[in-house]
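One-letter residues, chain by chain:
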Amino acid sequence: MKLMRLGPVGAERPVIQAPDGRLLDASAVTPDYDGYFLAHDGLARLHEALAADRLPETTAGGLRVGAPVARPGKVVCIGLNYRDHAEETGAAIPTRPVVFLKDPGTVVGPYDKVLIPRGSVKTDWEVELAVVIGRRARYLESPEEAREAIAGYAISNDVSEREFQLEYSGQWDLGKSCETFNPLGPWLVTADEITDPQDLELRLSVDGVPRQHGSTKNMIFDVAHLVHFLSRHLVLEPGDVINTGTPAGVALGRPDQPYLRPGQSVELTIDGLGTQRQTFTPA
């Protein structure tokens, strides 16, 4: 299933995009796609309603597309998880996942405007595969068990302000948690629709110019390993999001460092997960 949320900020309604492209209203099953929905067999109930043809057809009607999951409790990010990205930034290849947290309030819709922070001169892009957790996960025994905790996948833009991130503090938080710095969506694609999360191509362009093109097969630590590893150190709750890292091609790693300026547009695509697009504007 492809889960979407349509409507203004704070008033989104849940829909499903059917295989034939039709939009189906899921409001009879749940008021929203959130942690409570995932924790209480929401996906199973949606499957049942879809199979029984109980979901009425609806239209987008020009409505805004929101993030496919209502505000997550946590956004856990993995840094330097592609060898080529680590190399372009001059960082050592990590021997264990590099973990940091991003303010969950950064999550916005896939087509929402992204705000360049006041005083920013190094706002950067990062296309990433996002993993959405479907059940509480703590001290998972194996990567195989970790796969069972995944509800689905989405596109994430882990927007970063590199001066704030790397020059203002020993932590990365300041450059990662600025307002609107995590567009997510357009869909949450359920795990059963993604045959192999380690065989997806990721692409990103700026004003139509290709900047990133990679594959999840080149992750240093794969999705199952990450979920298993994280569960041994913190509790993952339903609706939590994991940003799994970005391939080479960010502005930071380019000789001319073409950081984003107001008016520029970024487009991101991942196989099977759709496309998102943002215009950058001053905060």
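All of the points below concern the structure found in this document. (Residues numbered from 1 in each chain as written. Predicted model: local features only at pLDDT ≥ 70, side-chain atom pairs only at ≥ 80, totals over all residues. Heavy atoms only, no water.)

This part takes up the nonpolar core. Formed by 51 residues in total, the largest nonpolar core has its most connected members in V227 and I242. For this core, the secondary-structure elements that each account for two or more residues are β1 (2-6), β6 (75-79), β9 (114-116), β11 (127-133), β12 (150-157), β16 (201-206), α7 (223-231) and β19 (265-270). Ranked by residue count, the leading element in this core is α7, at five residues. Contacts of V227, omitting those with residues within four sequence positions, involve V131, I133, L140, A146, I150, L236 and I242. Counting residues in hydrophobic clusters, the runner-up holds 27 residues, among them I16, L43, A49 and V75. (Core = buried A, V, L, I, M, F, W, Y, C linked by side-chain atoms within 4.5 Å. Buried < 20%, exposed > 50% of the residue type's maximum accessible area, 1.4 Å probe, protein only. Helix = DSSP H or I, 4+ residues; strand = E, 2+ residues; numbered from the N terminus. Contact = heavy atoms within 4.5 Å.)

Further remarks concern the packing of aromatic side chains. Applying the stated criterion to the full structure yields three aromatic pairs. Aromatic pair F100 and W172: ring centres 5.2 Å apart, planes at 65 degrees, arrangement edge-to-face. Placement of the pair is F100 in strand β7 (residues 98-102) and W172 in the loop between α5 (162-167) and α6 (173-176), with a sequence separation of 72 residues. With a relative accessible area of 9%, F100 lands in the buried category. Its guanidinium or amino end placed over the ring of W187, K2 lies 5.3 Å from that ring's centre, counting from NZ or CZ. (Phe/Tyr/Trp six-rings, centres within 6.5 Å; stacked < 30°, edge-to-face > 60°. Lys NZ or Arg CZ within 6 Å of the ring centre and 35° of its normal.)

With that settled, consider the sheet that holds β16. The pairing of strands in a sheet happens through backbone hydrogen bonds and is either parallel or antiparallel. Taken in spatial order, the five strands line up as β9-β20-β19-β16-β17 in an open sheet, and their pairing is mixed. Strands at the two margins of the open sheet, each flanked by one partner only, are β9 and β17 (209-215). Within this sheet the neighbouring strands show an average axis-to-axis angle of 20 degrees, counted without direction. Where β19 and strand β20 (residues 274-282) come together, six bridges link them in antiparallel fashion. Counted as the bridge partner of I270 is G274 from β20. (Pairing = 2+ DSSP bridges. Axes fitted to C-alpha atoms, helices over the stretch in contact; angles between N-to-C directions.)

Our next topic: helix α2 (residues 42-51). Buried within α2 we find G42, L43, L46 and A49. Projected onto a plane normal to the axis of α2, the buried residues spread over an arc of 125 degrees and lie on a single side. In the core, the buried residues of α2 are packed alongside β1, β2 (13-17), α1 (35-39), β12 and β15 (188-190). A positive phi of about 60 degrees marks D53, the residue just after α2. (Arc of directions from axis to C-beta.)

Functional significance is not addressed by these values, which are geometric in nature.
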